[in-house]
Amino acid sequence: FSPGFRAVGQSNGAGAHSPFSIDITRQDGEQTLATVGVHTPKGFTATLKGIPYCPDSVLSSIESSSYSGISELNNPKCPAASQVGTSWAGAGAGSKPFYAPGRVYLTGPYKGAPLSFTVITPAVSGPYDLGNVVNRVAVHVDPTTAEVTATSDPLPQIIEGIPLRLKSVLINLDRKDFTLNPTSCDPFSVTGILTGDQGAKAEPSSHFQVANCDTLGYEPKLSTKLTGGTKRGGYPALKATLTQDPNGEANTAKAVVALPHSEFLAQSHIRTICTRVQFAAKACPAASIYGHARAITPLLDQPVEGPVYLRSSSNPLPDLVAALKGPASQPIEVDLVGKIDSFNQGIRTTFEAVPDTPVEKFVLTMQGGKRGLLENSTNLCRSTNRVSAKLTAQNGAASNQSPLLEAPCKKSARKKRAAKKKRAAERAAKTTRRA
C-alpha cells in the first residue's frame, strides 16, 4: 500500500484565492483505498462567508435507494450555491479504469467537526444505474494553529455486488474565491492520511509553498482605552482594539503589547485560574473568566468570540487565553494564548503564535473594579500614558506602535475657567457687533 499523492494550487500567490487540487492514485495489486484524509499547512484556509450548507435532509434523500444516479447527474438536489468543487473517481482493474464525475458540496457540522464536505458521485455507466455514492468528509480545525485536517467516511468497496476496486480520487476545490493561500512563504507540505481496505496506513506528502510574500503590506492599527477609576489604586477596565485591512496585507504572526508603568497586575484580584486539564475539557470555572474577546474575519458569516481566561502556565504568571468560537452554524474554535510577564515596571502580554488568518477587527475587553486585573500605580490624569506594541506579520514585516492609553479624565479646574472665560468673551463680542 504505497499510494501516489499530489496536492497543488493553481496559483502560488501569497494571500490570494486559488483553486486547489488533490490527486490520489493506487496501483493494481495494492490494497484498495478505505479512507482518505488530508492535513493542510498553516495559513491554508477557505472563505466560507456567504456559502450555504447542503442540508442533511437533502443528503439523505440523495442516498436513498429510490433516487437514481441519472436523476442526480442531470438535476443535482443540493443547491448550486453550496457547491465548492468537483471530483473524479476511477474504479476498476487494468490500465483503463472507469471514471465517474462527482460534485463537492459544503455541509454542516459532522461527527464533532465544525463543518464538512460531502462528495456526491452518481454511479452511472451506460445503461447501468447503481444510485449515488454519498461520502461525508469531516473537517477539523486546530484551535491553536488553525490547520485543517479533513477525514472521509469509509469508502464503499462493493455496490450492488460489484467490486469497485477504487483506483484514483481527484478532488478539485475550484469554487471562485474559496480556498485561500497563506501569507507566509515558509516551506510547508500537504500530508495525505490514507488507509487501505486491509488495514494498511500511508501518509505521503506533497511540497507546498507560496511566493511574493514581500509584496504584501502590513498596516495594523491598535487603540487602547481605560474606563472606570483613574486615581492611584483604582481598578480600571481595559478595551484594546486592533484593526487591519484584510485585502492585500499579510496576517499577524506575533503580537507583544506592554502597558505603561501606570498599570500593574492586581494580584490580589486573581480569584481562580483554569487548569490546562479543565481548559482541554471545556470545564473552566466561571471565576477564571476575566474578560471577553471578539474577532471579525472575512472568512466567516459571523464573528468568533468568547471568554478570556487566566490559565495555568509553565511561566511564573498564568497565561491569558481568549477562547474564541463561531456561531452554532460555524462552530470553529480558536484559542489565542498570551504569556504575561513584567516589563518596564508594567505588564506585558506576548501572543507568540497567532494563526495565519485574515482578521478585520479584534477587540479584547478586560473587566474592571473588583474583578479587574489592572491597578493604577498613579493618577492617570496627571500624565500622558502610552502603550508599547510590537506586531510582526507572517511575512516578517514589523509594525511598532505607541498608541495613547486613553483614560476618562475630567477637565482640570484651570481648563474649565479658561473655557468659561473664552465663552464669555465670545458672547461679549456678539453683543458689541449687534450694538
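Residues numbered from 1 in each chain as written. Predicted model: local features only at pLDDT ≥ 70, side-chain atom pairs only at ≥ 80, totals over all residues. Heavy atoms only, no water.

Draft legend 1. Fine view of unusual backbone geometry. Notably, Lys 111 is not glycine yet its phi reads approximately 50°, a positive angle. As for its placement among the helices and strands, Lys 111 is situated in the loop between strand 6 (98–107) and strand 7 (115–125). We classify Lys 111 as exposed; its relative accessible area is 58%. Notably, Glu 160 is not glycine yet its phi reads approximately 50°, a positive angle. (Helix = DSSP H or I, 4+ residues; strand = E, 2+ residues; numbered from the N terminus. Buried < 20%, exposed > 50% of the residue type's maximum accessible area, 1.4 Å probe, protein only.)

Draft legend 2. Representation of the state of the cysteines. Under the definition given, this model contains four disulfides. One disulfide in the model links Cys 54 with Cys 78; its S-S distance is 1.9 Å. Note on the Cys 54 and Cys 78 pair: the S-S dihedral is about -75°, so by sign convention the disulfide is left-handed. Taken together, the positions of Cys 54 in the loop between strand 4 (45–46) and helix 1 (56–63) and Cys 78 in the loop between helix 2 (69–74) and strand 5 (83–91) put the pair 24 residues apart, joining distant regions of the chain. A sulfur-sulfur distance of 2.0 Å marks the disulfide that ties Cys 185 to Cys 213. Here Cys 185 and Cys 213 share a disulfide; its torsion about the S-S bond, 100°, makes the bridge right-handed. (Disulfide = S-S within 2.5 Å.)

Draft legend 3. The pattern of salt bridges, seen in detail. For the coordinates displayed, the defined rule picks out nine salt bridges. Residues Lys 254 and Glu 352 are paired through a salt bridge, measuring 3.6 Å at the closest nitrogen-oxygen approach. Taken together, the residues span a long stretch of sequence, with Lys 254 in strand 19 (residues 252–258) and Glu 352 in the loop between strand 25 (346–351) and strand 26 (361–366) at a distance of 98 residues. A relative accessible area of 29% means that Lys 254 is categorised as partly exposed. Of the charged contacts, one joins Lys 282 and Glu 333 as a salt bridge, the two residues approaching to 3.4 Å between their closest N and O atoms. In this pair, Lys 282 is assigned in the loop between helix 3 (276–280) and strand 21 (289–296) and Glu 333 in strand 24 (residues 333–343), connecting sequence segments 51 residues apart. Residue classification places Glu 333 among the partly exposed positions, given a relative accessible area of 24%. Here the salt bridges share partners, and the residues they tie into one network are Lys 282, Lys 325 and Glu 333. (Salt bridge = Lys/Arg side-chain N within 4 Å of Asp/Glu carboxyl O.)

Draft legend 4. Seen up close, the packing of aromatic side chains. Summed over all chains, the structure comprises five aromatic pairs. On the numbers, 6.4 Å between centres and 70° between planes, the contact of Phe 117 with Phe 178 is edge-to-face. Of this pair, Phe 117 sits in strand 7 while Phe 178 sits in the loop between strand 12 (166–173) and strand 13 (179–180), and the two are 61 residues apart along the sequence. By relative accessible area, which is 1% here, Phe 178 ends up buried. These aromatic residues form a ring-pair network of at least three members: Phe 20, Phe 44 and Phe 208. The cationic tip of Lys 77 hangs over the ring face of Tyr 67; the distance from NZ or CZ to the ring centre is 4.3 Å. The cationic tip of Arg 311 hangs over the ring face of Phe 279; the distance from NZ or CZ to the ring centre is 4.9 Å. (Phe/Tyr/Trp six-rings, centres within 6.5 Å; stacked < 30°, edge-to-face > 60°. Lys NZ or Arg CZ within 6 Å of the ring centre and 35° of its normal.)

Draft legend 5. Quick look at the nonpolar core. Counting residues in each nonpolar core, the largest one holds 70 residues, and the members touching the most others are Leu 48, Val 84, Phe 117, Phe 178, Leu 324 and Met 366. Per-element accounting of this core gives the leading share, four residues, to strand 12. Not counting chain neighbours up to four residues away, the residues in contact with Leu 48 comprise Leu 106, Leu 115, Phe 178, Leu 299, Leu 300, Asp 301, Gln 330 and Ile 332. In terms of nonpolar packing, the next biggest core, distinct from the first, is built from nine residues, Cys 54, Val 58, Tyr 67 and Tyr 105 among them. (Core = buried A, V, L, I, M, F, W, Y, C linked by side-chain atoms within 4.5 Å. Contact = heavy atoms within 4.5 Å.)

Draft legend 6. Representation of the pairing of strand 8 (residues 128–141) in the model. Here strand 7 pairs with strand 8 via ten bridges, running antiparallel. Paired with Val 124 across the strands is Asp 129, a residue of strand 8. Here strand 8 runs beside strand 9 (residues 148–152); their pairing, made up of five bridges, is antiparallel. Paired with Val 139 across the bridge in strand 9 is Ala 150. (Pairing = 2+ DSSP bridges.)

Draft legend 7. The arrangement of the environment of Thr 121 in detail. Tracing the chain through its elements places Thr 121 in strand 7. Expressed as a C-alpha distance, the spacing of Thr 121 and Pro 187, which sit 66 residues apart in the sequence, is 34 Å. Excluding residues within four positions of it along the chain, Thr 121 makes contact with Ser 87, Ala 100, Pro 101, Gly 102, Gly 131, Asn 132 and Val 133.

Draft legend 8. Quick look at the sheet that holds strand 24. Read from one edge to the other, the open sheet built from twelve strands follows the order 29-28-19-25-24-23-22-21-26-18-17-30, with strand pairing classed as mixed. Edge strands, defined here as strands with exactly one partner in the open sheet, are strand 29 (398–401) and strand 30 (405–406). Of the strand pairs in this sheet, strand 17 (residues 221–227) and strand 30 are connected by two bridges, and their pairing is parallel. What sits directly across from Lys 225, in strand 30, is Glu 406.

Draft legend 9. How the structure looks around helix 1. For helix 1, the complete set of buried residues consists of Val 58, Leu 59 and Ile 62. Angular distribution of buried residues about the axis of helix 1 spans 100°; they occupy a single face of the element. Tucked into the core, helix 1 has its buried residues touching helix 2, strand 6, strand 7 and strand 8. (Arc of directions from axis to C-beta.)

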